[in-house]
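This is what each chain is made of:
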Amino acid sequence: MKPVIKKRGIILNSKDYKDNFKLLTILTIDGPMNVILKGANKMNSGTKKYTIIPIEVDFLVSQGKTLSTFTEGYIINNYTNLKNSYDKNMISLVMIEKILAFCEHVFNYELFYNFVKKMFELLDKYDFNETILNIFEIKLLYLLGIAPNLNNCNRCQKIKTDLMLSITLGGCCCKECSNLIHCELTEEETKIFKYLYLIKLEKIDDNFLSLIANTQIKFDNFIDKYYEKYIDFYSSAKKVLKKIS
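Residues numbered from 1 in each chain as written. Predicted model: local features only at pLDDT ≥ 70, side-chain atom pairs only at ≥ 80, totals over all residues. Heavy atoms only, no water.

Participant: Looking at this structure, how should I read the pattern of salt bridges?
Facilitator: Working definition: two side chains of opposite charge can pair if their charged atoms are close together. In this structure the tally under the stated criterion is 15 salt bridges. Measuring nitrogen to oxygen at the nearest pair gives 2.7 Å for the salt bridge that ties Asp16 to Lys22. A relative accessible area of 54% means that Asp16 is categorised as exposed. Assessed through its relative accessible area of 14%, Lys22 is described here as buried. Salt bridges here are not isolated pairs; linked through shared partners, they connect Lys98, Glu137, Asp220, Asp224, Lys238 and Lys242. (Salt bridge = Lys/Arg side-chain N within 4 Å of Asp/Glu carboxyl O. Buried < 20%, exposed > 50% of the residue type's maximum accessible area, 1.4 Å probe, protein only.)

Below, the structure written as structure tokens:
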């Protein structure tokens, strides 16, 4: 008899596998795993609900030689608001693209899982979609080990209050040094960026998101260029999102 194990995870991807099977990619506290879901392509299949991503589940898997089989599941969070909103769904696809690209490179899977779980909950609950995406992308930099230095000037190494973010420096530049270094973000924008980087997820609510959104500061270009330079990542999903926005 094949051993059966119980797990909790967030299903992030579903693709056809053989005849009526699906291959699910599930993020767990132990990292990502691929499992077979049988019968999901059949018209009235009871397992089809597990292919509409994202979805958090408790599930049982029967361990096989190469791939395990998803045998039973219980939905923890279906992220209904997210799935019923076109805009939220598009934002979630941008997030999922990055999660799948980097999930094997993070240094703490449990921390990463709880981070992803909380970000989907925020996207499902609140209407500030672009701000939530920015928070996700900024905080993900820490988990990937490529976060910019936000504490002092990367050129003169002095601790100052007039700091501005520079992609070239991979961190901040003071006003004095900015004559020699190009800074993509202003002093005010850098302070907001640092605020988003440091804010604890449990502190984020409707008032906080509204406050950030009302600044009308756009971080997308900076974030995209930073990912391109320091991890050589170009987001296809975000490119589509920009075209339809």
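Let's pick the thread back up.
Participant: Is there a simple way to think about the sheet that holds strand β7 (residues 163-166) in this case?
Facilitator: Hydrogen bonding along the main chain pairs the strands of a sheet, whether they run parallel or antiparallel. Strands sit in the order β6-β8-β7 across an open sheet of three strands; the sheet is mixed. For this open sheet the edge positions go to β6 (149-153) and β7, each flanked by a neighbour on one side alone. Across the sheet, the mean angle separating the axes of adjacent strands is 35° when strand polarity is ignored. Judged from the two bridges that link them, β6 and strand β8 (residues 171-174) form a sheet pairing that is parallel. Within β8, the position partnered with Asn149 by the bridge is Gly171. Set on the sheet, helix α5 (residues 187-198) makes contact with β6, β7 and β8; between it and β7 the angle comes to about 75°. (Pairing = 2+ DSSP bridges. Helix = DSSP H or I, 4+ residues; strand = E, 2+ residues; numbered from the N terminus. Axes fitted to C-alpha atoms, helices over the stretch in contact; angles between N-to-C directions. Contact = heavy atoms within 4.5 Å.)

Participant: What is the right way to look at the packing of helix α2 (residues 86-102) against helix α8 (residues 236-244) in this model?
Facilitator: The angle between the axes and the distance between the axes are what describe a pair of packed helices. It is at 8 Å that the axes of α2 and α8 come closest, and there the two elements cross at 155°. Between α2 and α8, the interaxial angle falls into the category roughly antiparallel. Our pair here, α2 against α8, has a crossing hand that is left-handed. Judged by residue contacts, Tyr86, Met90, Ile91, Leu93, Val94 and Glu97 of α2 engage Ser236, Ala237, Lys238, Val240, Leu241 and Ile244 from α8. Taken together, the residues that form the contact of α2 with α8 break down as nine nonpolar, one polar and two charged. (Parallel < 35°, antiparallel > 145°, perpendicular 65-115°, else oblique. Left-handed = near helix turned anticlockwise from the far one by under 90°. Nonpolar A, V, L, I, M, F, W, Y, C, P; charged D, E, K, R; others polar.)

Participant: What am I meant to see in the side chain of Asp58 here?
Facilitator: Relative to the helices and strands, Asp58 is located in strand β4 (residues 55-62). Side chain to side chain, Asp58 and Arg8 meet in a polar contact 2.6 Å long. (Polar contact = N/O pair within 3.5 Å; in protein donor to acceptor, adjacent residues only side chain to side chain.)

Participant: What exactly am I supposed to notice about the packing of aromatic side chains here?
Facilitator: Geometry of an aromatic ring pair is reported as the spacing of the ring centres plus the angle between the planes. Tallied over the full model, the rule gives 13 aromatic pairs. On the basis of an interplanar angle of 5° and a centroid distance of 5.5 Å, the ring pair of Phe59 and Phe70 is categorised as stacked. With Phe59 in strand β4 and Phe70 in strand β5 (residues 68-77), the pair connects residues that are eleven residues apart, well separated along the chain. Aromatic rings pair up to connect Phe193, Phe219, Phe222, Tyr226 and Tyr230 into one cluster. In this structure, Lys229 packs its charged tip against the face of Tyr230, placed 5.6 Å from the ring centre. (Phe/Tyr/Trp six-rings, centres within 6.5 Å; stacked < 30°, edge-to-face > 60°. Lys NZ or Arg CZ within 6 Å of the ring centre and 35° of its normal.)

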